[in-house]
Amino acid sequence: MHFSQLLVHTLKDNPKDAEVLSHQLMTRASMIRKIAAGIYAYTPLGLRILRNFETIVRTEMNRVGAQEVLMPSMIPAALWQQSERWDKYGKELLRITDRHNNEFCYGPTHEEVVCELVNTYVKSYRQLPMHVYQIQTKFRDEIRPRFGLMRGREFIMKDAYSFHATWEDLDKTYSEMRDAYLRMFERCGLRAKVVQADSGAIGGDESAEFMVIAQTGEDEIVECPTCAYAANTEVTNTETCPKCAEKGQASTLQRVRGIEVGHIFKLGTTYSEKMNTTYLDESGQAKPMIMGCYGVGIGRTVAAAIEQLGSANAMCWPIALAPFKVSLILCKDEAPFREAADGLYNELKAANIEVLYDDRPESMGVKFKDTELIGIPLQVV
Ligand code: ATP
Ligand code: MG
């Protein structure tokens, strides 16, 4: 891609309404454009990063046997009435009436729809476990959308749902998903921690949150410097690591801040009972399916990567997320320079290496500042 043709317009100064680094830098690099409070358009630079993370998420989901589906954003009220969430969910749920006076909501999460889908096609214990996921746009009418992609109203999430005949089988998938989540963040070059959490509004038995460590995180967590133990300070108030104490070792927990990028839950039969999501067991008896659900914020993870890895005037993308892998900078628009740069550009493209060719009639200072702001990992001048 030639920089001169890219849909981009970088800014020197931080926008006034941007309080955190990721929001500041993504806006300055024109990766995202606010259309309304908590609602953004993504330009090619921003979208490329989101898509790169989605590719990692897809690979890891497919690897654990989850199948990709796509559910609608608009959900008929009847499904949410059946789960009894239509009245309970509160003002975050955006309710819409169509021209025939039918009520809908713009889906903030998809337990009801996925129950409907799986219940239609899964009849017997022989078809279980069943595990599906989607990467889709959600809407939550957050009271205070802020920090750019970190807390939007419209945002992209990967949500997965698993269905089981036994609790042991749910435990197995839950632990595979936990590992898959840790791999996703590791492949992004991110330092992430898994912590036991409160399951909040979605309900159920056990849940874990995935935190990207960053000073700007909204959650305070404690982590052990010697083992993998970490916990939300809302859940624990101990100062020594309980895991290490079990082994007779003393280790003092350290306080750090984290950004919640993922959340996995054991839902049990809370939804399947209400939604009538049943299967026939070996003796032909109808039983509610045992469920798990697993979410990760696509935009929030990308923003968290900037919070963890970026600095005042520069994003710093690991190769896996980088919008372009190479920034090719033309330093003088004269024949021998142009020819050399054009030649390299064609070679990189032929080798399938994503390259941003800065061929603009700008000073070297401007070009370096922009490539650093955008955070392209390799520069060729
Ligand atoms: P929070 O506590 O931050 O409001 P949540 O616990 O309500 O989030 P979940 O229902 O667990 O969110 O959703 C799964 C994932 O979706 C979250 O871990 C986060 O990465 C992402 N997410 C949730 N709400 C938003 C939002 N408003 N903007 C961007 N991403 C979000
Ligand atoms: Mg959560």
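No experiment lies behind these values; they were computed from the predicted model shown.

About the cut-offs
- Residues numbered from 1 in each chain as written.
- Chains lettered and ligands numbered in written order.
- Predicted model: local features only at pLDDT ≥ 70, side-chain atom pairs only at ≥ 80, totals over all residues.
- Heavy atoms only, no water.
- Helix = DSSP H or I, 4+ residues; strand = E, 2+ residues; numbered from the N terminus.
- Contact = heavy atoms within 4.5 Å.
- Areas by Shrake-Rupley, 256 points an atom, 1.4 Å probe, with all protein chains shown as cover.
- Lys, Arg positive; Asp, Glu negative; His and termini not counted.
- Charge placed at Lys NZ, Arg CZ, Asp CG, Glu CD.
- Phe/Tyr/Trp six-rings, centres within 6.5 Å; stacked < 30°, edge-to-face > 60°.
- Lys NZ or Arg CZ within 6 Å of the ring centre and 35° of its normal.
- Donors = N, O, S within 2.8 Å, 3.2 Å for Na, K, Ca; no water.
- Buried < 20%, exposed > 50% of the residue type's maximum accessible area, 1.4 Å probe, protein only.
- Near = heavy atom within 4 Å.
- Polar contact = N/O pair within 3.5 Å; in protein donor to acceptor, adjacent residues only side chain to side chain.
- Nonpolar A, V, L, I, M, F, W, Y, C, P; charged D, E, K, R; others polar.
- Core = buried A, V, L, I, M, F, W, Y, C linked by side-chain atoms within 4.5 Å.
- Expected span 1.5 Å × (residues − 1).
- Pairing = 2+ DSSP bridges.
- Salt bridge = Lys/Arg side-chain N within 4 Å of Asp/Glu carboxyl O.

Across its full length, the chain carries ten helices and 19 strands. Overall, the chain is about 80 × 65 × 40 Å in size when its C-alpha atoms are taken along their principal axes. In the chain, 70% of the contacts between residues at least 6 apart in sequence involve partners at least 24 apart. Split by element, the accessible area of the chain, about 18,200 Å² in all, is 50% carbon and sulfur. Side-chain charges in the chain split into 44 positive and 51 negative, and the spacing between the mean points of these groups amounts to 2 Å.

Here we take up the packing of aromatic side chains. If you walk through the whole model with that rule in mind, you get six aromatic pairs. Linked through ring pairs, Tyr181, Phe185 and Phe210 together constitute an aromatic cluster. The lysine or arginine in question, Lys266, covers the ring of Tyr174, its NZ or CZ lying 4.8 Å from the ring centre. Sitting over the face of the ring of Phe3, Arg360 holds its NZ or CZ atom 3.7 Å from the ring centroid.

Donor atoms from the polypeptide that coordinate the magnesium ion (ligand 2) comprise Glu260 (OE) and His263 (ND1), at 2.2 to 2.5 Å from the metal. Here His263 falls in the buried class, since its relative accessible area comes to 13%.

The next subject is unusual backbone geometry. Put simply, Leu128 and Pro129 share a cis peptide bond, and its omega is 0°. When you line up the elements, Pro129 lands in the loop between α4 (111–121) and β7 (130–139).

Below, the discussion takes up the site of ligand 1. Taken together, 15 residues lie near ligand 1, and Glu142, Arg151, Gly152, Glu260 and Val261 sit nearest. Side-chain polar atom of Arg140 to an oxygen atom of ligand 1: 3.0 Å apart, as the coordinates give it. A distance of 3.1 Å separates an oxygen atom of ligand 1 from a polar side-chain atom of His263. When residues of the shell around ligand 1 are traced back to their parent elements, those giving at least two are β8 (154–164) and β13 (254–268). Take the shell around ligand 1: its biggest share by element is four residues, from β13. Of the residues in the shell around ligand 1, the class split is six nonpolar, four polar and five charged.

The next thing to look at is the environment of Met177. With respect to the helices, strands and loops of the structure, Met177 is situated in helix α5 (residues 167–187). Judged by its relative accessible area of 0%, Met177 falls in the buried class. Considering only alpha carbons, one finds Met177 and Ile264, 87 residues apart in sequence, at a separation of 8.0 Å. Leave out the neighbours within four places in its chain, and Met177 touches Met61, Val64, His131, Lys158, Ala160 and Tyr294.

Another point: the nonpolar core. If you look at the biggest cluster of nonpolar residues, it comprises 63 residues, and the most contacted ones within it are Met31, Phe53, Met61, Tyr181, Phe185 and Trp317. Once residues within four sequence positions are removed from consideration, Tyr181 is found in contact with Met61, Lys158, Phe210, Gly262, His263, Ile264, Tyr294, Gly295 and Val296.

It is worth spelling out helix α2 (residues 44–63) at this point. An ideal rise of 1.5 Å per residue puts 28 Å on 20 residues; α2 measures up with 28 Å between its terminal C-alpha atoms. Within α2 the residues assigned to the buried category are Leu45, Gly46, Ile49, Leu50, Asn52, Phe53, Glu54, Ile56, Val57, Glu60 and Met61. Positioned one or two residues after α2, Gly65 has a phi angle of 90°, which is positive.

Further remarks concern the pairing of strand β2 (residues 39–42). Both strand β1 (residues 32–36) and β2 contribute to a ladder of four bridges, which runs antiparallel. Its bridge partner being in β2, Lys34 is matched across the sheet by Tyr40. Where β1 folds back on β2, the antiparallel hairpin that results is connected by two residues, among which Gly38 adopts a positive phi of roughly 70°.

On to helix α8 (residues 298–309). If you check α8, its first and last C-alpha atoms are 17 Å apart, about what twelve residues at 1.5 Å a residue would give, namely 16 Å. With respect to burial, α8 is a largely interior element, ten of its twelve residues being buried. Within α8 the residues assigned to the buried category are Ile298, Gly299, Arg300, Thr301, Val302, Ala303, Ala304, Ala305, Ile306 and Glu307.

In this fold, Leu50 is placed in helix α2. Sequence separation between Leu50 and Leu321 is 271 residues; the distance between their C-alpha atoms is 7.8 Å. Those residues in contact with Leu50, other than ones at most four positions away along the chain, are Tyr42, Leu149, Ile156, Ile298, Gly299 and Val302.

What follows deals with the pattern of salt bridges. Under the counting rule described, the total for this entry stands at 26 salt bridges. The shortest N-O distance in the salt bridge between Glu354 and Arg48 comes to 3.3 Å. Taken together, the positions of Glu354 in the loop between α9 (335–350) and β18 (355–358) and Arg48 in helix α2 put the pair 306 residues apart, joining distant regions of the chain. A residue is classified by how much of its surface remains accessible, and Arg48, at 27% relative accessible area, is partly exposed. In this structure, Glu176 and Lys172 form a salt bridge, with 3.4 Å as the shortest nitrogen-oxygen distance. Of this pair, Glu176 and Lys172 both sit in helix α5, separated by four residues, roughly a single helical turn. Judged by relative accessible area, which is 29%, Glu176 ranks as partly exposed. A cluster of three or more residues bridged by salt bridges with shared partners is formed by Glu60, Arg63, Arg183 and Arg187.

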